[in-house]
Amino acid sequence: MAFVLVTCDAAILGVSLYFALHGIGLGGNWVAAIPTIWAVPLLLAVGALRYRPLVQIWATTATMIALVGVASVLGFPLSPSGPETRATLGTLGESVGRLFSLPSYLMRAVMLTLIGLTTALAMARSRRLLVREVSETARRANLARFLPAEIAPLVGEDDLATWRQGRRQQGTILFIDIRGFTAYAEKLDPARLSILISSFRRRVVRATEAFGGVVDKFIGDGALVVFGIPEPQSDDCTRAIACAHRLLALIDRWNIKRGFDPPVRVGIGIHSGELYYGLVGDDHRLEFTVLGDTVNVAAKIEQATKRFDTALLASETVVLRARQQPSWQAVCREPLGGRGEHVAVFIYTGTKPAG
C-alpha cells in the first residue's frame, strides 16, 4: 500500500495547490507562495521513516509530477492574472513575478528532486546498515545459545576459524555433581524434577559469576566450571576454591529453605593444569568445550568425594597455587584420570568461610 499512499499524497497536494492558486487568480509560477507547498519536505521526511528507497523515489517522482502538472495547467505569467491582485500589486507584482518565473522554478524542481533522491540514498544506506546489524545480532544471539555468555562476544569479534583451532593454556577446572540424584529422580514427578535441576543450576551460575568463572556446560545434575579463560590469571585456583565454598553455602541455605528430606548433597572436585579450549562443530551447531588431562583428573577428584564422604576435594596443584596449605590435608596419592602419574588429593579442613 505504500506506493498507493504516496501517490494519493501527491494527488491531494496537487489538487490543493491548484484550487488555492486558481481561487486567488495566480498562475502556476506562484505555487511556491502557497503554504501548502511546505508539505512537500514534510512528506519526503516522513517517507524516509519507511526505510524503502524505491517508495521514496516514487514519492519524489509523483510529487514532482503533481507540481509540474499544476504549474503547466495554470501557466507561467510574469505578473498576477487576476484584476484585483494586479491592481493591488501593480509594478511590484511584475517584479515579484520574475522570482517565480520558469527558470527559477527549474532550480526549485531540481532542488526538490535532489532532496528526495538524497533521502532515498540515506534510506538505502540506513537499511543496509540496519539489516547488517540485525543479522549480526541474530548471529550473536545464536552463538549465545550454545556458548558461555563470557565467550560469545569474543567469538563475535574474532574469526571463527581461529577459535576452531583452539588453544592450549593453563586453567582450573571445577566439577560439581549432586549426590544420590537417582533417588531424587525416582521420587519426584517430571515437573518438580525440572524445577529442582533449574534451581540447582541457578545457584551454580550465581556462584560462578561471583568469582569470574565460566560455566562450560551442565551435564545432567552436574556442571563443569572453568577458571582462567579467555586468559589465565594468577588467582584462578583461589577463585575456584572460593567458588566451591560459595556453592556449598548456597546449597546449605537451599536445603534449609526448602526442607529437603533427605537434604541435597553435592560433591566438588578441583584441579588445575594445562587444558585445551575452543569451538567444535559446524556453523549450525557450535559448542565451546575444554578438553585434556586436567579435565579428566578434575572429574576423577569429584568422584572421589563419594569415597571419602566429603563435599570438597582439590588436587595438590590447586592447594599450592592458592597458597592455602594450612587449610587442607592430604587424603590420598594415586593415579587419576587413567594415567600413571600419581595425584595428591587434599580435603578441606579449615574454617568454613561465611556466605
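Residues numbered from 1 in each chain as written. Predicted model: local features only at pLDDT ≥ 70, side-chain atom pairs only at ≥ 80, totals over all residues. Heavy atoms only, no water.

Topic: the overall build of the protein
In terms of helices and strands, the protein carries 13 helices and eight strands. The buried share of the protein, reckoned over its 355 residues, is 40%. Contacts in the protein between residues far apart in sequence, at least 24 positions, make up 68% of those at least 6 positions apart. Of the roughly 19000 Å² that the protein leaves accessible, carbon and sulfur atoms contribute 60%. (Helix = DSSP H or I, 4+ residues; strand = E, 2+ residues; numbered from the N terminus. Buried < 20%, exposed > 50% of the residue type's maximum accessible area, 1.4 Å probe, protein only. Contact = heavy atoms within 4.5 Å. Areas by Shrake-Rupley, 256 points an atom, 1.4 Å probe, with all protein chains shown as cover.)

Remarks on helix 10 (residues 190-210)
Between its terminal C-alpha atoms helix 10 stretches 30 Å, which fits the 30 Å expected from 21 residues at 1.5 Å a residue. When helix 10 is considered as a whole, its buried residues turn out to be Leu193, Leu196, Ile197, Ser199, Phe200, Arg203, Val204, Ala207 and Thr208. Along its buried surface, helix 10 packs onto strand 1 (167-179), helix 9 (181-187), strand 2 (214-219), strand 3 (222-227), helix 11 (236-258) and strand 4 (265-282). At the N-terminal boundary of helix 10, the capping side chain belongs to Asp189, with an oxygen 3.0 Å from the backbone nitrogen of Ala191. Residue Gly212 follows helix 10 closely and has a positive phi angle near 70°. (Expected span 1.5 Å × (residues − 1). Polar contact = N/O pair within 3.5 Å; in protein donor to acceptor, adjacent residues only side chain to side chain.)

What about a nonpolar patch on the surface?
Together, Phe3, Leu54, Ile57, Trp58, Ile65, Val110, Leu114 and Leu117 make up an exposed nonpolar region whose accessible area comes to about 730 Å². Counting residues per element, the ones that place at least two in the nonpolar patch are helix 3 (53-74) and helix 6 (102-146). The dominant element in the nonpolar patch, judged by the number of residues it contributes, is helix 3, at four residues. (Patch = residues over 30% accessible without salt bridge, like charges linked within 9 Å, V, L, I, M, F, W, Y side chains within 5 Å. Salt bridge = Lys/Arg side-chain N within 4 Å of Asp/Glu carboxyl O.)

With respect to the pairing of strand 1
Of all 13 residues in strand 1, 10 are buried; the element is thus mostly enclosed. Two elements, strand 1 and strand 4, share 13 bridges in a ladder whose sense is antiparallel. Paired with Arg167 across the two strands is Tyr277, which belongs to strand 4. Where strand 1 meets strand 3, six bridges bridge the pair, whose relative direction is antiparallel. Directly across from Ile173, in strand 3, lies its bridge partner Val226. (Pairing = 2+ DSSP bridges.)

Considerations on the pattern of salt bridges
In total, this model carries eight salt bridges according to the counting rule given. Via salt bridges that share partners, Asp177, Arg179 and Glu302 belong to a single interconnected network.

Observations concerning the packing of aromatic side chains
Taken as a whole, this structure holds three aromatic pairs when the rule is applied. Both rings, one in Trp328 and one in Tyr348, keep their centres 5.1 Å apart while their planes meet at 75°; by these two values the pair is edge-to-face. Of this pair, Trp328 sits in strand 7 (residues 328-335) while Tyr348 sits in strand 8 (residues 342-348), and the two are 20 residues apart along the sequence. (Phe/Tyr/Trp six-rings, centres within 6.5 Å; stacked < 30°, edge-to-face > 60°.)

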